[in-house]
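# Structure assessment
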Amino acid sequence: MRASRAPLAAFALAVVLDLAFLAVGFHSGHVVAKVLLMPLLAASAARAGGPRLLVAALLCGWGGDVLLLSDADAAFMAGMASFAAGHVCYLVLFRRQGPPHARARPLALGYAAALVTLVALLWPDLPTGLRVPVAGYSTLLTAMAYAAATRLGPLAGLGGALFMVSDTLIATGVADWPQPPRPDFWIMLTYVAAQFLLVRGTLDARAAPATAYREVRSTTP
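Residues numbered from 1 in each chain as written. Predicted model: local features only at pLDDT ≥ 70, side-chain atom pairs only at ≥ 80, totals over all residues. Heavy atoms only, no water.

The subject of this paragraph is the overall build of the protein. If you tally the helices and strands in the protein, you get eight helices and zero strands. Referenced to the eigenvectors of the C-alpha coordinate spread, the extents of the protein come out at roughly 65 × 40 × 25 Å. Across the 221 residues in the protein, those meeting the buried criterion constitute 43%. Across the protein, contacts joining residues at least 24 apart in sequence account for 75% of those joining residues at least 6 apart. (Helix = DSSP H or I, 4+ residues; strand = E, 2+ residues; numbered from the N terminus. Buried < 20%, exposed > 50% of the residue type's maximum accessible area, 1.4 Å probe, protein only. Contact = heavy atoms within 4.5 Å.)

Following this line, the structure appears as structure tokens:
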């Protein structure tokens, strides 16, 4: 089932506006656009027949988006917890797609190496109270990205990888590492692309068995 064009078009417009606001430094506009992104994408996914866990993952992302608008430490921790809940939803959803593909083992080694390297490099520069939470969150995020790549395919796999890039930019900012110009722009660009690709990959994976079944039926005497 195709996504309803209205919420998907509204999501695309909100993405363009949000990135434009970030590019020119219009913070108030960014706040308004950012809080619309995940609800619109969730509405599009729901109208396309997406599973409840997919919608739940997106709404958890929305909760994290809203919480991270605050600079308070408690809000950062709560936002990270909200995103973590979304990754759990994704993990459960992806595991229902069947066993991992044949390339799972080399991908597992690659994702594990990336996780260990990143945490080891960030650890000394993170605030003491954030070291264990960030390490735990990073493990969950990496597991989600790995599951997306091995159980849904390249589209969702790219989405998971971009989610890792987006959150790595956030983590390096917290660790006070050098950042690219307009870091929030790159964080949001990779984040919205990640969520959209995870949605698209999930919907395509659900549609594939139904299409195959119809093809078999059409060739059966």
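Turning to the nonpolar core, a few remarks are in order. The biggest cluster of nonpolar side chains holds 51 residues, and the ones touching the most others in it are Leu 37, Leu 58, Tyr 90, Phe 94, Met 144, Phe 163 and Leu 198. Residues within four places of Phe 94 in sequence aside, it is in contact with Met 144, Ala 147, Ala 148, Arg 151, Leu 152, Leu 198 and Thr 202. (Core = buried A, V, L, I, M, F, W, Y, C linked by side-chain atoms within 4.5 Å.)

Okay, the packing of helix α5 (residues 104-122) against helix α6 (residues 128-151) next. Close contact between α5 and α6 brings their axes to 10 Å; oriented N to C, the two are set at 160°. Between α5 and α6, the angle is such that the two are roughly antiparallel. The interaxial crossing formed by α5 with α6 has right-handed handedness. Taking contact as the criterion, the partners of Ala 104, Leu 107, Ala 108, Tyr 111, Leu 115 and Val 119 in α5 are, on α6, Ala 135, Ser 138, Thr 139, Thr 142, Ala 145, Tyr 146, Ala 149 and Thr 150. Residue classes in the contact of α5 with α6 are distributed as 10 nonpolar, four polar and no charged. (Axes fitted to C-alpha atoms, helices over the stretch in contact; angles between N-to-C directions. Parallel < 35°, antiparallel > 145°, perpendicular 65-115°, else oblique. Left-handed = near helix turned anticlockwise from the far one by under 90°. Nonpolar A, V, L, I, M, F, W, Y, C, P; charged D, E, K, R; others polar.)

Here the protein averages 91 in pLDDT, while 91% of its residues score no lower than 70. Looking at the elements of the protein, mean pLDDT is at its lowest for helix α8 (residues 183-219), recorded as 79, and at its highest for helix α3 (residues 52-67), recorded as 98. Within the model, pLDDT remains below 50 along residues 211-220, and this stretch shows zero contacts once partners closer than five positions in the same chain are excluded. (pLDDT = per-residue confidence, 0-100.)

What follows concerns α6. Owing to its 3.6 residues per turn, the α-helix aligns residues three or four sequence positions apart on the same side. Across its 24 residues, α6 extends 36 Å between first and last C-alpha, which sits within 8% of the 34 Å expected from 1.5 Å per residue. Backbone geometry just downstream of α6 places Gly 153 in the positive-phi region, at approximately 125°. (Expected span 1.5 Å × (residues − 1).)

The subject of this paragraph is the environment of Ala 194. By the secondary structure assignment, Ala 194 is in helix α8. A sequence separation of 18 residues divides Ala 194 from Asp 176, and the C-alpha atoms of the two residues are 24 Å apart. Beyond its immediate chain neighbours, meaning those up to four positions away, Ala 194 contacts Gly 159, Leu 162 and Phe 163.

Now for the pattern of salt bridges. Taken as a whole, this structure holds one salt bridge when the rule is applied. For Arg 200, the salt bridge identified is with Asp 204, shortest N-O distance 3.3 Å. With Arg 200 and Asp 204 both in helix α8 and four residues apart, the pair spans about one turn of that helix. Overall, the relative accessible area of 27% leaves Arg 200 in the partly exposed class. (Salt bridge = Lys/Arg side-chain N within 4 Å of Asp/Glu carboxyl O.)

A few words on the side chain of Thr 190. The residue Thr 190 is located in helix α8 in this model. For Thr 190, the side chain forms a polar contact with the main-chain oxygen of Trp 186, separated by 2.8 Å. Side-chain polar atoms of Thr 190 contact the backbone oxygen of Ile 187, separated by 3.1 Å. In contact with Thr 190, not counting residues within four places along its chain, are Leu 162, Val 165 and Ser 166. (Polar contact = N/O pair within 3.5 Å; in protein donor to acceptor, adjacent residues only side chain to side chain.)

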